[in-house]
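# Secondary and tertiary structure notes
Now for the letters of each chain:
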Amino acid sequence: MNTTPNESAAIYTALVVDDSLAERERIKVLLGRRGVNVVCVGDGEQALKCLKKPLFDIVLCDWELPCVSGLDICREVRQMPLSSRPYFVMITGRSQRVDLIAAMDAGADDFIRKPLWEEELRVRLSLASQIIAWRRVVKQAGLTDAVQQSSQ
């Protein structure tokens, strides 16, 4: 696999939320290979605590979690101001079309089915990086309110 140094240049920090320690560590390694700083948590309550501060560029979240579901976390993230909202990727073993629609309706930016394939993650991170960079430009230009109103 070939990676370029700037492949995920806009992604500095990620929050990985999964109740499987093995899956959290696997995703952490994959993101780490791309220079991303990673914080991992094992349940929805911990995730919501982490998300109280706008520290993360991207959230990779399992759907089925103890305490609070990934779908509920996604809805909470969607309520954040665009200027501090991380890019949200739902990662799940669910594979029905209705699951994809439910995740996107809840506010997910992307949806990846488990088992997570490294090359798929690479291309999804490339897209996420472009959108995150765009959000930063909008924020720096002071256009956040106008963009948020037009997306509602």
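Each remark here, short or long, concerns the structure printed above.
It should be emphasised that the depicted structure is a prediction, and the values quoted were computed from it without experimental measurement.

Conventions adopted
- Each chain has its residues counted from 1, following the order in which its sequence is written.
- The predicted origin of the model limits local features to residues at a pLDDT of at least 70 and limits the giving and counting of side-chain atom pairs to 80 or more, whereas totals for whole chains, interfaces and linings rest on all residues.
- The basis for the side-chain values is all heavy atoms of the structure; hydrogens and waters are excluded.
- Cysteine sulfur atoms that pair up within 2.5 Å are treated as a disulfide.
- In this scheme, a residue with accessible area under 20% of its type's maximum is buried, one over 50% is exposed, and one in between is partly exposed, where area comes from a 1.4 Å probe on protein chains only.
- By convention a nonpolar core is built from buried Ala, Val, Leu, Ile, Met, Phe, Trp, Tyr and Cys residues, the set being connected through side-chain atoms within 4.5 Å.
- Per the convention used, a helix needs a DSSP run of H or I reaching at least four residues, while a strand needs a run of E reaching at least two, with both numbered from the N terminus.
- The criterion used for residue contact is that any of the two residues' heavy atoms lie within 4.5 Å.

### Focus: the state of the cysteines
By the definition in use, this model includes zero disulfides. We note that Cys 50 lacks a disulfide partner, and the nearest cysteine sulfur, in Cys 40, lies 10.0 Å from it. Look at Cys 50 and you get partly exposed, because its relative accessible area is 23%.

### So, the nonpolar core
Grouped together as the largest cluster of nonpolar side chains are 22 residues, with contacts concentrated most on Leu 15, Val 17, Leu 51, Ile 73, Phe 88 and Met 90. Broken down by secondary-structure element, the contributors of at least two residues to this core are strand S1 (13–17), strand S3 (58–62), helix H3 (70–78), strand S4 (87–92) and helix H4 (97–106). At four residues, H3 tops the list of elements feeding residues into this core. In this structure Phe 88 touches Val 59, Cys 61, Gly 70, Ile 73, Cys 74, Val 77, Ala 108, Asp 109 and Asp 110, once residues within four positions along its chain are discounted. Membership of the second largest hydrophobic core comes to 20 residues, among which are Ala 10, Ala 14, Val 89 and Ala 128.

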